[in-house]
Amino acid sequence: QSIYLSDYRPPAYRVTHTELSFDLDPMATRVKARLHVERHPERAAGEPLELDGEQLTLKSIAIDGQPLGDDEYVLTERGLRVDGVPERFLLDTDVEIAPKDNTALEGLYQSGGMFCTQCEAEGFRRITFYPDRPDVMATFSTTVVGRSDREPVLLSNGNPVERGELPDGRHFVTWEDPHPKPCYLFALVAGDLQKVEDRFTTAGGREVTLQIWVEEENLGKTDHAMASLKRAMRWDEETYGREYDLDLFMIVAVNDFNMGAMENKGLNIFNSAAVLTHPHTATDAAFQRVEGIVAHEYFHNWSGNRVTCRDWFQLSLKEGFTVFRDQSFSADTNSAPVKRIEEVSFFRTAQFAEDAGPTAHPVRPDHYIEIGNFYTLTIYEKGAEIVRMLRNLVGWEAFRRGSDLYFSRFDGQAVTIEDFVACMAEASGQDLDQFMRWYSQAGTPEIDAHGEYDYANGAYRLVLRQRTPATPGQPDKQPLHIPIRLGLVGTKSGRDLTLTLDGEYLGQDGVIHLREEEQEFLFTDVEEAPVPSLARGFSAPIKLHFPYSREDLAFLQTHDSDGFNRWDAGQRLALLALDDLIAAHRNGVEKVMDSRVVEAFRSLLNTATDDKAVLAEMLTLPSEAYIAEQQPLVDVDAIHAARTFVKQSLAIALRDDFLRVYHENVSEAPYAPEPEQIGARSLKNVALSYLVSIEDEEGVELARRQFEADHNMTDVRQALTLLVHSSRDDLADPALRAFGEKWAHDPLVMDQWFSIQVSRPQADALERVKFLMDHPAFSLTNPNKVRALIGAFAQNRINFHRLDGEGYKLLADVVIELNRLNPEIASRLVTPLTRWRRFDEPRQELMKGELERIRAEKLSPNVYEVIEKALA
Ligand code: ARG
Ligand code: ZN
């Protein structure tokens, strides 16, 4: 059942205009479609018309008004075929669907009492018979009929052009979307919703009405999303010259949603977790996430909607570019270095793991079974890293020219990644052929680097060697074009030395291009012995190995002019210390703390800084997941023990410093999600986490008071988490109870309440999961709840990986149930089990056993594809 990129052909027939009418009913919605169909000019005449359609009950079908008899079409599990159609015709179909039974949340479904849709990637085929592929672009006209009492609000794409009352307490609204679009961008929302409205005037003078539609109780949680939207609209005009193109832009918040949000034309649909915020219910991180996602979906209006993908293999064309755009926007609006540190630390933990596992795939895959499985970190985040490299390779100005060219040349078309890169090559005059391999080759390139300083000649010789490990289906790899931004930091002066390579002056912060498997770079006129600072700003999505000594790393941590690499040097230094401790734990030797790490932290805590958010990151140890990524075979317990030991040793040694930093950063100012406040809060809360890690009397009391003070969710959540993750159940239990009762009515806060409990290191985490699965606020059909409880538990490394296998078993049980209810969520949830090869023998056996138990079920294509890869 695999689909191959190499099999691509344009559709035999295209649709130029689509007229839809919905008569809404939870169990029996009728969908009438009239498609204006014509033969594709590149395809021969006389081919059959093939339409996708799943879970539809066909009531009638007609061509040019002539009803078709049962023998004039063929219905299959997957669609409909009609032979002998004219060159150009009108196709009318009438189908019935049951939104209420739709637990997969693809197509038209119900969330609470409201109707909503999710069509990307292939959900539209669950609404009506259609060529459900992105290279079929049509204008849409949609009439929605609903009950005036139950569905007073009826929304779809574009502009409302007509509305009216109907008999039997029903009413209708007709929407017209003048911009041709693929059906994956179709949307419909109907229900008892309220709106918050604002306005935006585009640079070109268009007056746009902005609306955020929510359930009544959420009216007070839309301010931040609205402000973010307006900032994003302005930013896209100023940065990319992109203006909005309709008079109305709507966002709707729904509680049941598989992903973060969806960029449907003029009618973005959001997971409520990705749009609603309030200082008392959402953390700083949530505020920033909302800002980023609102921008992301808005930016898709150009990078995705006006110019879309030819086929789903090109998914990263819109996602990689759009993630890069939203990252740049967030960097411009917040602390840029901290944004980069957050991105990279997430990327190196999660995307590297994906690249090293059984589901590794290129940024442009060449085959798939279920496209829903390819909304991955590789397509999104690695895709964004590739676009970032492009921007850096050609420079911003050429990149912007290339972007303009791309949007103007392909406006209204469905195109490929080559088309995009060709615009960049054309605008910059650069040869990007070798660079294209980034899109076709899976796996994380590893670079082994070493260098020597030649005192006699004042030269520094840097040797780089690249190799990309084999990934499933790709045993042999070719060398990539890897841009390495670097500096040589003088060990005497502590400053960046000037870079002269082959007589060319590169400045003090230059880029070298690694294209061969192995390449030597000889820098001349290097006046003093340097420590190289390599891949600054994470200039390529690679693993870079350089034999740094701990002294080198401590030096870079304080002297590197690149903020990102200063942070990274600290992480590398901590990792070296952690390595020793992991070995000590394994060998049963007494653990000794590396004093260099303590001194590095001491100096961080005692040096004035203007970016507190960066300092907070520098004081944060690599996560257990990231440490695990560095190990050939993951030793769950040793990692946990080593990291806990380092954290507690630092807390003991620097207790007074942490206490001081805590107090210095307490503030009574009214909450605002602004960089300066956010930085101070994270610094304060990191300090608190050290104090509570040793159950310091005063620290615990500060946490308790911070919880009680109830100043904002960032502080409350951190305090509650620290108490719950400590052994002070005498304080944690009442706090949890109070919090749970106070917020019982707010599903987004209850999600946090679930996650906090099941991520605790204590041995009862698994029992808590089981207990909470029966909690009235939990539901297996709500993806947010599944992520908050089951997903969060699967990230709780020591407890998920319990040696009795109960953690694995629990996850597998849930996956088996969700395989029937919501295959897309099921196949994501199973991910941690697919990484079984990374663990020790007994765990491997247990995890594999659970995968085999899942395989024995009747599987959805989603879960089937992932399980087969995992067991291959
Ligand atoms: N295009 C959406 C976004 O990135 C994601 C939609 C994914 N939907 C899905 N069912 N996999 O903003
Ligand atoms: Zn997207």
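For clarity, every value in this text was computed on a predicted model and none was experimentally measured.

About the criteria used
Residues numbered from 1 in each chain as written. Chains lettered and ligands numbered in written order. Predicted model: local features only at pLDDT ≥ 70, side-chain atom pairs only at ≥ 80, totals over all residues. Helix = DSSP H or I, 4+ residues; strand = E, 2+ residues; numbered from the N terminus. Rg over C-alpha atoms; globule rule 2.2 N^0.38 Å. Buried ≥ 20, exposed ≤ 12 C-beta atoms within 10 Å, placed from the backbone. Contact = placed C-beta atoms within 7 Å. Pairing = 2+ DSSP bridges. Axes fitted to C-alpha atoms, helices over the stretch in contact; angles between N-to-C directions. Core = buried A, V, L, I, M, F, W, Y, C linked by C-beta atoms within 7 Å. UniProt positions renumbered as here; feature names shortened; annotations may be inferred. Expected span 1.5 Å × (residues − 1). Near = placed C-beta within 6 Å. Nonpolar A, V, L, I, M, F, W, Y, C, P; charged D, E, K, R; others polar. pLDDT = per-residue confidence, 0-100. Left-handed = near helix turned anticlockwise from the far one by under 90°.

1. Re the overall build of the chain
And step 1. Looking only at helices and strands, the chain has 28 helices and 34 strands in total.
And step 2. Taken over C-alpha atoms, the radius of gyration comes to 28 Å for the chain, in line with the 29 Å a tight globule of 872 residues would show.
And step 3. With respect to the principal axes defined by its C-alpha atoms, the chain has extents near 85 × 70 × 60 Å.
And step 4. For the chain, with 872 residues in total, the buried portion stands at 50%.
And step 5. Sequence-distant contacts in the chain: of pairs separated by 6 or more residues, those separated by 24 or more amount to 70%.

2. What to know about the sheet that holds strand β10 (residues 107–111)
And step 1. Taking strand neighbours across the sheet as the criterion, the four strands line up as β10-β11-β16-β13 in an open arrangement whose pairing is antiparallel. Of all the strands in the sheet, the pair left with one neighbour each is β10 and β13 (153–156). On average, adjacent strands in this sheet sit at an angle of 20° to one another, irrespective of strand direction.
And step 2. The pairing of strand β11 (residues 114–118) with strand β16 (residues 188–191) spans two bridges and is antiparallel. Its bridge partner being in β16, F115 is matched across the sheet by A190.

3. Thoughts on the nonpolar core
And step 1. Counting residues in hydrophobic clusters, the biggest one holds 239 residues, and the most contacted among them are V189, V252, I269, L789, L811, V815 and L829.
And step 2. The element contributing the most residues to this core is helix α10 (residues 563–587), with nine residues.
And step 3. In this structure, V252 is in contact with C116, L155, V189, W213, L267, I269 and F270, ignoring residues within four places of it in sequence.

4. Remarks on the UniProt feature "domain: Peptidase M1 membrane alanine aminopeptidase" (unreviewed entry) in the chain
And step 1. Here the UniProt feature "domain: Peptidase M1 membrane alanine aminopeptidase" (unreviewed entry) sits at residues 225–438.
And step 2. Helix makes up 55% of residues 225–438 and strand 9%, with an end-to-end C-alpha separation of 34 Å.

5. With respect to the pairing of strand β27 (residues 482–490)
Each regular strand displays side chains that alternate between the two surfaces of the sheet.
And step 1. The element β27 is extensively covered by neighbouring structure, given that seven of its nine residues are classed as buried.
And step 2. With five bridges connecting them, β27 and strand β31 (residues 510–514) associate as antiparallel partners. What sits directly across from P483, in β31, is H513.
And step 3. Where β27 meets strand β28 (residues 496–497), two bridges bridge the pair, whose relative direction is antiparallel. Directly across from L488, in β28, lies its bridge partner L497.
And step 4. In textbook terms, the turn of a hairpin is the stretch between consecutive antiparallel strands, and for β27 and β28 this stretch comprises five residues, one of which, G494, has a positive phi near 70°.

6. Details of helix α7 (residues 417–428)
And step 1. Relative to the 16 Å expected for 12 residues at 1.5 Å per residue, α7 spans 17 Å between its end C-alpha atoms, a close match to the ideal helical length.
And step 2. Every buried residue of α7 is accounted for by I417, F420, V421, C423, M424 and A425.
And step 3. Buried-residue contacts for α7 involve α3 (315–333), α5 (377–394), α6 (396–410) and α8 (437–440).
And step 4. G429 lies just past α7 and shows a positive phi near 75°.

7. As for the site of ligand 1
And step 1. Taken together, 14 residues are adjacent to ligand 1, and E120, M259, M262, G372 and Y375 come closest.
And step 2. Of all the elements in the fold, those that place two or more residues in the shell around ligand 1 are β20 (261–262) and α2 (284–299).
And step 3. In terms of residue class, the shell around ligand 1 is made up of five nonpolar, four polar and five charged.

8. Here we look at the pairing of β10
And step 1. Counting buried positions along β10 yields five of five residues, so the element is predominantly enclosed.
And step 2. The turn joining β10 and β11, which pair antiparallel and follow one another in sequence, is formed by two residues; a positive phi near 60° is taken by G112.

9. Overview of the confidence of the model for the chain
And step 1. Averaged over every residue, the pLDDT of the chain is 98; residues scoring 70 or more account for 100%.
And step 2. Among the prediction metrics, the complex's ipTM stands at 0.98, with pTM recorded as 0.99.

10. Some details on the sheet that holds strand β21 (residues 267–271)
Strands pair in a sheet through their backbones, by hydrogen bonds, and they do so in one of two ways: parallel or antiparallel.
And step 1. Ordered by their spatial adjacency, five strands build an open sheet running β17-β18-β19-β21-β20, and the pairing between neighbours is mixed. Strand pairing shows two members of the sheet lacking a second neighbour, β17 (194–201) and β20, which therefore form its edges.
And step 2. The strands touched by helix α1 (residues 223–240) within the sheet are β17, β18 (207–214) and β19 (248–254), with β17 carrying the most contacts at an inclination of about 25°.

11. Notes on the packing of helix α15 (residues 655–664) against helix α16 (residues 675–693)
And step 1. The contact between α15 and α16 brings their axes to 8 Å, and the two run at 145°. Both α15 and α16 take part in a crossing whose hand is left-handed. Note on element contacts: α16 touches α15 through L683, K684, A687, L688, Y690 and L691, opposite R655, F658, L659, V661 and Y662.
And step 2. Residues that form the contact of α15 with α16 fall into these classes: nine nonpolar, no polar and two charged.

12. Observations regarding the environment of D149
And step 1. Looking at the element boundaries, D149 is found in the loop between β12 (138–147) and β13.
And step 2. With 22 residues separating them in the primary sequence, D149 and H171 have C-alpha atoms 9.5 Å apart.

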